[in-house]
Amino acid sequence: MMLKDYISKNHIGTLYEYHELKQYTTFKIGGICRYYIEVSSIVKLSLLIKYLKKINYLYYILGNGSNLLIDDCFLDCVFISLKKLNKITKLAENIYMLDAGLKPNLLGIKLVKDGFIDAIPFCLIPGTIGGLTYMNASCFKKSIQNIVKSVICMDHFGNIIFLKDCQFSYRKSIFQELNLIILKVIFEFKEKKEDAYSTLKKYQNIKKTTQPMLVNTSGSMFMNDLNYHAWELIDKLKLRGFSINDACISMIHTNFFLNKGNAKFKEMIALIYYVKTKIFLEFNIKLKLEVKIITIQSIAYSKNNLRNKIDWEGNYESF
Ligand SMILES: Cc1cc2nc3c(=O)[nH]c(=O)nc-3n(C[C@H](O)[C@H](O)[C@H](O)COP(=O)(O)OP(=O)(O)OC[C@H]3O[C@@H](n4cnc5c(N)ncnc54)[C@H](O)[C@@H]3O)c2cc1C
């Protein structure tokens, strides 16, 4: 049976064929995928994952696309969106179970108004619950890892797993290591402050003045380190505003790379590796990417759990 027939016979979700991906990324870069599906439930997702395993076909889980640089060629795989899984379940005054496809911005603002200052990442980072947890996102020293209590996820056999120890570290989690799909996350908000909302407003203003707004970007391109800030290294090399056609380094924040309109995947890659090479030659530092580069090879490697061995990026690690 064809994948398309299996999906329609089992009512797995809404399916699109030969679908353009750039509309799902904040960079507005991305090619055409063979299939794009918005799954309708966890049970249907499990059926789909099991079937994809059986026919040995590649898949990739998409959140809000705010940390991705996707190849703009044809991608022969299924992009799976969980945006229809977006339920909010309140378990106690400060404990919530949230579906992975939810964008928690409005809930975050409500929680901060109630004083829960540790909900600030929900308000200021443009991701879904799945993406925020997978990336262990953080801002202003408030991190997702401090509020996650436990996670319900799915392995690549379609089995449901309940996890308490998510092995979080800076922009890392067990979900990346084991290639798990996050389904629901239970959050516990513990830090209550009277001035939480005014602090949020202050942080919003800081973001507004120090980061480019209303532009096509994926946020910080490179990770920071205890010994350096990536933006400072880039700034020292006087690369503020440097561009390769429409792929450009922001004038406002040098770790934010922008698509000024028509940037191609390869131009953004050229810019990334130009900066990486210059920084390495000047400071002997190998910057690590925070943004995930998605190609058909990277999807195939992660499926086979080879991510750490032959990372797509690994080809460039030898310089
Ligand atoms: C303007 C701007 C500002 C930003 N500021 C910050 C910031 O302050 N701090 C910060 O940490 N980040 C920041 N980011 C980056 C980004 O928003 C975060 O990394 C966010 O957590 C990504 O979530 P997403 O839903 O968009 O995930 P996506 O970008 O869609 O995906 C990111 C990764 O998560 C995986 N993923 C998504 N959902 C699931 C799931 N359900 N199960 C398994 N894997 C999944 C994807 O496969 C992918 O590997 C910013 C980005 C932008 C554009």
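Source: prediction; values computed, not measured.

### Some points on unusual backbone geometry
Item 1. Unusually for a residue other than glycine, N179 sits at a positive phi of about 60°.
Item 2. Positionally, N179 belongs in the loop between α6 (174–178) and β12 (181–188).
Item 3. Given 15 C-beta atoms within 10 Å, N179 falls into the partly exposed group.
Item 4. Phi is positive for K238, close to 60°, though the residue is something other than glycine.
Item 5. Within the fold, K238 resides in the loop between α8 (230–236) and β14 (243–244).

### Thoughts on the site of the ligand
Item 1. Near the ligand you find 31 residues, and of these G63, G127, G130, G131 and G219 are the closest.
Item 2. Listing elements by their share of the shell around the ligand, those giving two or more residues are β3 (59–62), α5 (129–135), β8 (138–139), β12 and β13 (216–220).
Item 3. Here the shell around the ligand takes five residues from α5, the largest share from any one element.
Item 4. Here the shell around the ligand is composed, by residue class, of 16 nonpolar, 14 polar and one charged.

### So, the nonpolar core
Nonpolar side chains in soluble globular proteins tend to be buried together.
Item 1. By size, the foremost hydrophobic cluster in this structure holds 83 residues, and its most contacted members are L69, V112, I182, F257 and M268.
Item 2. With six residues, helix α9 (residues 265–283) is the largest single contributor of residues to this core.
Item 3. Contacts of I182, omitting those with residues within four sequence positions, involve A100, G130, T133, Y134, V151, C153 and F175.

### Topic: the domain arrangement of the protein chain
Item 1. For the protein chain, the domain assignment lists domain 1 (1–84 + 292–319), domain 2 (88–188) and domain 3 (214–288).
Item 2. Each of domain 1 and domain 2 was reduced to a C-alpha centroid, and the two centroids are 21 Å apart.
Item 3. Across the boundary between the two partners, domain 1 contributes 17 residues, which contact 16 residues of domain 2.
Item 4. At six residues, the largest contribution of residues to the side of domain 1 that touches domain 2 is made by helix α2 (residues 42–55).

### Section: the pairing of strand β11 (residues 160–163)
Item 1. Judged from the four bridges that link them, strand β10 (residues 148–154) and β11 form a sheet pairing that is antiparallel. If you follow C153 over to β11, its bridge partner there is I161.
Item 2. Turn length for the β10-β11 hairpin, with the two strands adjacent in sequence and antiparallel, is five residues, and the turn residue G158 shows positive phi of about 90°.

About the thresholds
- One numbering rule holds for all chains: residues counted from 1, following each sequence as written.
- Confidence filtering applies because this is a predicted model: local features only for residues at pLDDT of at least 70, side-chain atom pairs given and counted only at 80 or more, and all residues used for totals across whole chains, interfaces and linings.
- Only DSSP runs of H or I with at least four residues qualify as helices, and only runs of E with at least two residues qualify as strands; both kinds are numbered from the N terminus onward.
- Counting other C-beta atoms within 10 Å of each residue's C-beta, where C-beta atoms are placed from the backbone, gives the exposure class: buried for 20 or more, exposed for 12 or fewer, partly exposed between.
- Here, nearness is defined through the C-beta atom: a residue counts as near a molecule or strand if that backbone-placed atom lies within 6 Å of it.
- All residues other than Ala, Val, Leu, Ile, Met, Phe, Trp, Tyr, Cys, Pro, Asp, Glu, Lys and Arg, Gly among them, are scored as polar; the first ten of these are nonpolar and the last four charged.
- Among buried residues, those of type Ala, Val, Leu, Ile, Met, Phe, Trp, Tyr and Cys that are joined through C-beta atoms within 7 Å form a set called a nonpolar core.
- Contacts here follow a simple rule: the backbone-placed C-beta atoms of the two residues must lie within 7 Å.
- Here the limits of each domain have been adopted from an automatic or database domain assignment.
- A pair of strands is treated as paired once DSSP finds two or more bridges between them.

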